[in-house]
Amino acid sequence: MKKKISIIGVPMDLGQSRRGVDMGPSAIRYAGVVERLEKLSYQIHDKGDIEIGRPGKDEEASDDNLKYLKAVVKANTKLAEAVDQVVSAGDFPLILGGDHSIAIGTLAGVSKHYQNLGVIWYDAHGDLNTSETSPSGNIHGMPLAVSIGIGHADLKHIGGYSPKIKPENIVIIGARSLDDGEKILIREKGIKVFTMHEIDRMGMAKVMEETVSYLKDKTDGVHLSLDLDGLDPSDAPGVGTPVLGGISYRESHLAMEILAEAKMITSAEFVEVNPIIDERNKTATVAVELMGSLFGERLL
């Protein structure tokens, strides 16, 4: 891990239907992310938040079944530029969300610096929908599809290039809610997925060992995109789209610890923290604790 971390907050909730996730970056900061990482001897530069405008009601829907398309493109373009600057400066970019549509901008800013960027998508969902397959039109269900070059042109070409990542360089961990169109795309593109079935059957240690082995030799950097709804709602209740039967708190710490030992993560984002529906900022606190493990914190 690089010893200099630049934090960027993205207070956006336009990629999904439930308001409140725009307060996620503030909740994570309140939970002590800066102090936690400074105790691990990292130099922290909190670059503040990307400015997110509030679109009018008439902008909600578009002809393409994509809600708030223009606003999401604008915000992710700003994020891509900010992340690009952080990576160019040699810092580790740590992005705080915000709904998961912000991964479009994060990956646009990161991937241009790598030949074969790998992605670990820690999530209950595949986020591989398009305007044709999405049942809701919410763009937070589309960032992975967009990043492999499938979807609306305005989303795909944020940062000026497409695709950002190769399907064979992706590992999805914790999936337990996939739409039919996503299942088809996973099979067609050969995307590696560890569903909750595999986690239950193999154990998290084996899943993470296979993930590291799968990515280490064919990638020159790995981005971690962690949606807090990947965890079970009992451990992370403050998320917009909770799905029962998720990854446990302890399994998630183990996953982060194994990634820390592998020394392969070159950028990360933690998204979908919604303090409005949380319990005493529990989910933001969990996010910060997982960041601690990812960045090398140990009990002894």
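Scroll up to find the structure this text is about.
Parameters at a glance
Residues numbered from 1 in each chain as written. Predicted model: local features only at pLDDT ≥ 70, side-chain atom pairs only at ≥ 80, totals over all residues. Heavy atoms only, no water. Helix = DSSP H or I, 4+ residues; strand = E, 2+ residues; numbered from the N terminus. Rg over C-alpha atoms; globule rule 2.2 N^0.38 Å. Buried < 20%, exposed > 50% of the residue type's maximum accessible area, 1.4 Å probe, protein only. Areas by Shrake-Rupley, 256 points an atom, 1.4 Å probe, with all protein chains shown as cover. 1 Å grid on protein atoms, 1.4 Å probe; cavity = no way out; pocket = protein on both sides within 12 Å on 5 of 7 lines; lining within 4 Å. Points joined across faces, edges and corners; volume = space filled by probe spheres on them. Pairing = 2+ DSSP bridges. Right-handed = clockwise from strand over helix to strand, strands pointing away. Axes fitted to C-alpha atoms, helices over the stretch in contact; angles between N-to-C directions. Left-handed = near helix turned anticlockwise from the far one by under 90°. Contact = heavy atoms within 4.5 Å. Nonpolar A, V, L, I, M, F, W, Y, C, P; charged D, E, K, R; others polar. Parallel < 35°, antiparallel > 145°, perpendicular 65-115°, else oblique.

Here's the deal with the overall build of the chain
Logical step 1: In terms of regular secondary structure, the chain is built from 11 helices and 8 strands.
Logical step 2: Relative to the 2.2 N^0.38 estimate, which gives 19 Å for 300 residues, the radius of gyration of the chain is 17 Å and therefore close to what a compact globule would have.
Logical step 3: Each principal axis of the C-alpha atoms in the chain carries an extent, and together these give about 55 × 40 × 40 Å.
Logical step 4: Within the chain, the proportion of its 300 residues that are buried is 59%.
Logical step 5: About 12,000 Å² of surface is accessible on the chain, with carbon and sulfur atoms providing 48% of the total.

Brief notes about empty space enclosed by the protein
Logical step 1: By the definition in use, this model includes 1 cavity of 30 Å³ or more.
Logical step 2: Estimates place the volume of the largest cavity at around 40 Å³.

Concerning the pairing of strand β6 (residues 192-195)
A regular strand carries its side chains on alternate faces of the sheet.
Logical step 1: One ladder, built from 4 bridges, connects strand β5 (residues 170-175) with β6; its direction is parallel. Considered in β6, the bridge of I173 is made with F194.
Logical step 2: Taken together, β5, helix α7 (residues 180-189) and β6 form a β-α-β motif whose crossover is right-handed.

Regarding helix α4 (residues 103-111)
Side chains that are three or four residues apart share a direction in an α-helix, a result of its 3.6 residues per turn.
Logical step 1: Counting buried positions over the 9 residues of α4 gives 9, a clear majority of the element.
Logical step 2: Buried residues of α4: A103, I104, G105, T106, L107, A108, G109, V110 and S111, and no others.

Re the packing of helix α3 (residues 69-88) against α4
Logical step 1: Contact pair α3 / α4: the axes reach a minimum separation of 7 Å and the direction vectors enclose 35 degrees. The interaxial crossing formed by α3 with α4 has right-handed handedness. Mapping the contact onto sequence places N76, L79, A80, V83, D84 and V87 in α3 and A103, I104, G105, T106, A108, G109 and V110 in α4.
Logical step 2: The residue inventory of the contact of α3 with α4, partitioned by class, reads 8 nonpolar, 4 polar and 1 charged.

Here we look at the pairing of strand β7 (residues 221-227)
Logical step 1: Of all 7 residues making up β7, 7 are buried, and the element is well covered by its neighbours.
Logical step 2: Pairing analysis gives 6 bridges linking strand β4 (residues 117-122) to β7, with the strands arranged parallel. Paired with W121 across the two strands is S225, which belongs to β7.
Logical step 3: Both β7 and strand β8 (residues 265-271) contribute to a ladder of 6 bridges, which runs parallel. Bridge pairing in β8 links L226 to F270.
Logical step 4: Viewed along the sheet, the connection from β7 through helix α10 (residues 249-262) into β8 turns out right-handed.

Quick word on unusual backbone geometry
Logical step 1: Residues G97 and G98 are joined by a peptide bond in cis, for which omega reads 15 degrees.
Logical step 2: For G98, the position within the fold is in the loop between β3 (92-97) and α4.
Logical step 3: The peptide bond linking S162 to P163 adopts the cis configuration, its omega dihedral lying at -5 degrees.
Logical step 4: Within the secondary structure, P163 is located in the loop between α6 (153-156) and β5.
Logical step 5: With phi around 75 degrees, S41 is a residue other than glycine that occupies positive phi space.
Logical step 6: Along the chain, the position of S41 falls in the loop between α2 (33-38) and β2 (43-49).

What about the packing of α10 against helix α11 (residues 282-294)?
Logical step 1: Interhelical geometry of α10 versus α11 gives an angle of 30 degrees and a closest axis separation of 7 Å. As summarised for this structure, α10 and α11 are arranged roughly parallel, according to the angle between their axes. Residues Y249, S252, H253, M256, E257, L259 and A260 of α10 lie in contact with α11, whose contacting residues are V286, E289, L290, S293 and L294.

Regarding the layout of surface pockets
Logical step 1: Taken as a whole, the largest pocket holds about 270 Å³ of empty space.
Logical step 2: As for the largest pocket, its lining consists of 20 residues, of which H125, D127, H140, G141 and D179 are closest to the centre.
Logical step 3: A per-class count over the lining of the largest pocket returns 1 nonpolar, 12 polar and 7 charged.

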